[in-house]
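# Inside the fold
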Amino acid sequence: MRLTKQTILLLAGLAAAQITARAQTALWPEVKKETKPWTRWWWMGNAVDEKNIGSLLESYNQAGIGGVEIAPIYGAKGYESRYVQYLSPQWMQLLNYTSQKAGMLNMGVDLTNGTGWPFGGPQVPAEYAAARLIVNTYKLGGGETLKERLVVTDPKAGLTKLQAVTAYSDKGEVLQLLDKVDQNGNLKWTPKAGNWEIYAAFNARTRQMVKRAAPGGEGFTLNHFSRPALNEYLSRFDKAFKASPPNVRAFYNDSYEVYNADWSDQFFEEFQKRRGYDLRLHLRDFMSKEKSEKVARLKSDYRETMAEMLLDNFTIPWTNWAHQYNAKTKNQAHGSPGNLLDLYAAVDIPECETFGSSYFPIPGLRRDSADIRNVDPDPVMLKFASSGGHVVGHNLVSCETFTWLTEHFKTSLSQAKPEVEQVFLSGVNHVFYHGTTYSPEDVKWPGWLFYASVNMVPANSLWSHVPGLNSYITRVQSVLQAGKPDNEVLVYWPVYDAWNDPKGMDMPLKVHDVDVWLHPTPFYKNVTSLQSAGYSLDFISDNLLKNSSVSNGSISTAPNASPYKVLVVPKAEIMPVETLQKMIELARNGATVIIQQLPNDVPGLQNLEQRRKDLKSLIASLAFVDAGNGMKQLKTGNGSIILSEDVQKALAFKGLQGEKLVQTGLKFVRRQAGNDKFYYLVNHTPKAINTDLPLNVAASSVLMLDPQTGNGGNAVSSVSGSQTNVKVQIQPGEALILKATADMGTATPAWTYLNEALAPVTVNGTWNLDFTEGGPTSPQDRKLKQLVSWTDLQDSAAIAYSGKADYTITFKMPKVQADEFVLDLGKVHESARVWVNGQDAGILWSIPYQTRIGKYLKPGKKNTIRIEVANLMANRIRDMDRKGIQWRNYHEINFVNINYKNFDASNWKPQPSGLIGPVTITPYKK
């Protein structure tokens, strides 16, 4: 076969492009399935089959998704005949097929340890169901017999058991009378004299059922504080797995959404064993509404006991159970009444969650108040999960991402980008989408869908552009999973200050309650101010601090964890003596400890006065001397303790400076990989940044990596003392990765900077608009002199259309001498893919919708640009609701809007769609 000149040139161009792509790939860390984003995969009604499982996994894989997390939930109405009972032999066969198929695609599979949430199901009998405390009070005079029976009359109490009866006289006498109560609840006791109050404590049930349960998963919610309850719960899985062990990477536990579960069967016994005194003797104070010190101390001891029981009776044994199946555990601790840091640290992959949307001042980023929940994800809250993982040396920290980011069908990829970047900045490096619904091929558009989701499904009109987002996340995570976190500051979390509150019972540390338990605290104020000053940090609990040691002046929290240069202790009113002793020990062994204010008291009630004396004596033994500038210093052993109200002043005194790059408005996270340091930078400010950026490292060269495109090159940099200055150019909404290294990288080309912008060229002329793939029907193709939203074309089909359209134009590009050309699409609704002269210039899926096209453009000649634009699903859903077309028909909660009301899009305004422009090409000189 004889090749034409044009064919030879085309093949040569393709070969050159492949060589360039391989060279760029070599600049990045290795891509693995865990560096790709994963997604929660809802199996509605477990109505799944091998054919659809296989084809869907292939589609997810092609889009760049690295794994699925199977979460069985309620099903669609009308498909009951397809339902498969959870954990049945048929269900296990489908699970194993999923794992096999995923393995063939180099994908991973995680599995929730239940259906819906929280843990629970038919294997949870009433005695192992979530429990609550009910205390009834009675009055009795001398010589009287109580006529009422000591029973719970509330029919909602479920199974109840009387656990304690404590009587208090007006003369201060306290008696325990449980042995005086017969099997019918009659109190067989008559006081001789005085007036008595009797408190009867019952272990009752919350009767909470599993939310959003799948067929075969319905039942009571588990008592998470009971080891026998957990053993019984897991025995069902053992039976199902006996014949066919699952090949899953990790078992997963969703956020703790167990309501009013403030008790457990053996709580009185556990309390006495752990706290050293009998809570039954203090029932009256424990149930008091008084805001007294004693009540607060009782509640603190109660909450500490709850935290320990949750850790010891659920989290740790559940993890040990998973390890028997060669699997890991992945756990969301937030919302639980425990010490979040201890709970996150106890599992293999700690996981946080973003809920709602954040405000970012990025120009052009849409944030319609009607389409968001009034909840701002707090990065400090997310850091509890990453800190728990970092402190014990776990590499992966995951996040359930994009929960209720916007109203259904209105989430753009551009809106998702800064949200996931905020997650990365919090120390997360393993993103899970929330999420993807399994939908069989024969279900009409939009297929089966789950509420609260961004709908990462093939039916989404943005689906063909999702690889742009996925490739970006993969590149970032390949860096953030390399090496270890490089955080210099360890911040103590004073949990006892939170627990020492007379109000309420258990204290679930919820995402939605951060304004109560987190934001007002000195801990939070110190963390945010330190981050603003460029310090990288993690949190540590009292328990995790116990295992810490010192090596070469740095604090080691675990064998595989990164060392920390300093321990910062924010103002803590209450601290165990043992914790302060440990801090002093660390300093004596060579560490630097900065204490904002010495504690005033100890927690809890037992042996209180002696422990107070011990604390007072310990503090008195600390011979601080004046260090000037409002600081005091205690040199002890090989280290020191700095007492300073101003933590940053103390850090500077010890020679620890934050990264000055934050003064530009950039945010960062840092990793140490061998002798190299990675800096992940994001620009969430409204301004472009073009400056020499200082890094707190001396590096002979700096590699600049663009995670949006995969491009890279050696940056312009210079070393000054222990600092490296790097020339950085970054637009609002963009991210960059810097690799500071001792390797000069002579084979790597130099990074091309855009230094001198010449006059931009506006792409004018006649645009051919062709609607290519979407529905419900395809609008008429047309020619446009002016770019407008296709919803403004006076075409009802275009208003209802969700899908893709091509904008094509041929124009003459002026002959300009330039080193690079940047294409700017202007305003895009919502994402685009660009071809320049037939060559793929990439997916422009987020603000600023710009890309370099110099290698494709022909200055002084005619050029053809084709721009494929995809809009949101919203307009087609609106059209269906206006026409009364039934598309949502599910059991349980069915399908709700962002305010948990019945979903109805019929009154929505049409969402702008297509290429709005203006489209420009700007020449640049180096």
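Residues numbered from 1 in each chain as written. Predicted model: local features only at pLDDT ≥ 70, side-chain atom pairs only at ≥ 80, totals over all residues. Heavy atoms only, no water.

## Considerations on the overall build of the protein
Summing up its helical and strand segments, the protein has 20 helices and 45 strands in all. Here the C-alpha radius of gyration of the protein, 31 Å, is about what a compact globule of 926 residues would show, namely 29 Å. Principal-axis analysis of the C-alpha atoms gives the protein an extent of 110 × 75 × 50 Å. Scored against the burial criterion, the 926 residues of the protein give a buried share of 61%. Restricting the contact set of the protein to residue pairs at least 6 apart, pairs at least 24 apart contribute 79%. (Helix = DSSP H or I, 4+ residues; strand = E, 2+ residues; numbered from the N terminus. Rg over C-alpha atoms; globule rule 2.2 N^0.38 Å. Buried < 20%, exposed > 50% of the residue type's maximum accessible area, 1.4 Å probe, protein only. Contact = heavy atoms within 4.5 Å.)

## A word on the sheet that holds strand β6 (residues 161-169)
Overall, antiparallel pairing links the four strands, which are arranged β5-β8-β6-β7 in an open sheet. The open sheet terminates on both sides in strands that have one partner only, identified here as β5 (131-141) and β7 (174-176). Going from strand to strand, the sheet's axes swing by 20 degrees on average, the running direction of each strand aside. As judged from the 11 bridges shared by β5 and strand β8 (residues 195-205), these two strands associate in the antiparallel manner. Looking at β8, one finds that L133 is bridged to N203. (Pairing = 2+ DSSP bridges. Axes fitted to C-alpha atoms, helices over the stretch in contact; angles between N-to-C directions.)

## Observations concerning the confidence of the model for the protein
On average, residues of the protein score 95 in pLDDT, and 97% of them are at 70 or above. Note that residues 1-21 has pLDDT below 50 and, in this model, two contacts with residues that lie over four places away or in other chains. (pLDDT = per-residue confidence, 0-100.)

## Details of the packing of helix α5 (residues 267-275) against helix α7 (residues 293-324)
Taken N-terminus to C-terminus, the directions of α5 and α7 make an angle of 105 degrees; their axes are 10 Å apart at the nearest point. The pairing of α5 with α7 is recorded here as roughly perpendicular in orientation. Between α5 and α7, the contacting residues are F267, E270, F271, R274 and R275 on the first element and D301, Y302, E304, T305, M306, E308, M309, D312 and N313 on the second. Considered class by class, the residues forming the contact of α5 with α7 number five nonpolar, two polar and seven charged. (Parallel < 35°, antiparallel > 145°, perpendicular 65-115°, else oblique. Nonpolar A, V, L, I, M, F, W, Y, C, P; charged D, E, K, R; others polar.)

## With respect to α7
Here α7 spans 46 Å end to end across 32 residues, near enough to the 46 Å set by a 1.5 Å rise per residue. By the largest-angle criterion, L311 marks the main kink of α7, which is about 35 degrees. N326 occupies a position one or two residues after α7 and carries a positive phi of about 55 degrees. (Expected span 1.5 Å × (residues − 1). Bend = angle between axes of the 7 residues up to and from the residue.)

## A closer look at the layout of surface pockets
Of the pockets and cavities examined, the second largest pocket occupies roughly 680 Å³. Within the residue set of the lining of the second largest pocket, elements represented by two or more residues are α9 (379-392), α10 (413-425), α14 (522-532) and β25 (667-673). Of the residues forming the lining of the second largest pocket, the biggest block, five residues, is contributed by β25. Among the residues making up the lining of the second largest pocket, the classes are represented as 17 nonpolar, 12 polar and five charged. (1 Å grid on protein atoms, 1.4 Å probe; cavity = no way out; pocket = protein on both sides within 12 Å on 5 of 7 lines; lining within 4 Å. Points joined across faces, edges and corners; volume = space filled by probe spheres on them.)

## Some remarks on the sheet that holds strand β16 (residues 489-492)
Strand order in this open sheet of seven strands is β17-β16-β20-β21-β24-β23-β22, and the pairing throughout is mixed. Of all strands in the sheet, those bounded by a partner on one side alone are β17 (537-540) and β22 (625-628). Sheet twist, expressed as the average angle between the axes of neighbouring strands with direction ignored, equals 30 degrees. Two elements, strand β20 (residues 566-569) and strand β21 (residues 592-595), share three bridges in a ladder whose sense is parallel.

## Structural notes on the nonpolar core
If you look at the biggest cluster of nonpolar residues, it comprises 218 residues, and the most contacted ones within it are W41, F251, F384, F409, Y451, L567 and Y680. At 11 residues, the largest contribution of residues to this core is made by α7. Excluding its chain neighbours within four sequence positions, the residues that come into contact with F409 are L449, N455, L872, M873, A874, I877, W887, F895, F903 and W908. Counting residues in hydrophobic clusters, the runner-up holds 39 residues, among them W767, Y801, V836 and L844. (Core = buried A, V, L, I, M, F, W, Y, C linked by side-chain atoms within 4.5 Å.)

## Notes on the pattern of salt bridges
Across all of its chains, the model carries 49 salt bridges by this definition. With a closest N to O distance of 2.9 Å, R274 and D312 form a salt bridge. Residue R274 is located in helix α5, and its partner D312 is located in helix α7; the two are separated by 38 residues in the primary sequence. Since its relative accessible area comes to 27%, D312 is described here as partly exposed. Linking E293 and R612 is a salt bridge whose minimum nitrogen-to-oxygen distance equals 2.5 Å. Of the two residues, E293 sits in helix α7 while R612 sits in helix α17 (residues 608-620), which places them 319 residues apart along the sequence. For R612, a relative accessible area of 23% puts it in the partly exposed group. Among the ionic contacts, a cluster of salt bridges with common partners joins E34, R40, E69, D110, R249, D254, K330, E351 and E400. (Salt bridge = Lys/Arg side-chain N within 4 Å of Asp/Glu carboxyl O.)

## Quick notes on the packing of α10 against helix α11 (residues 466-480)
Running from N to C, α10 and α11 cross one another at 10 degrees; their axes reach a closest spacing of 11 Å. Put simply, α10 runs roughly parallel to α11. On the side of α10, the interface is formed by L413, K417, V420, E421 and F424, while α11 contributes V466, L469, Y472, I473, V476, Q477 and L480.

## Remarks on the packing of aromatic side chains
Per the counting criterion, the structure on display carries 59 aromatic pairs. With 5.7 Å between their ring centres and 55 degrees between their planes, Y472 and W845 make a pair best called tilted. One end of the pair, Y472, is in helix α11; the other, W845, is in the loop between β41 (839-844) and β42 (850-852), with 373 residues separating them in the sequence. A relative accessible area of 3% means that W845 is categorised as buried. Ring plane angle 90 degrees and centroid distance 5.5 Å describe the contact between Y496 and W499, whose orientation is recorded as edge-to-face. Of this pair, Y496 and W499 both sit in helix α12 (residues 495-499), three residues apart, which is roughly one turn of that helix. (Phe/Tyr/Trp six-rings, centres within 6.5 Å; stacked < 30°, edge-to-face > 60°.)

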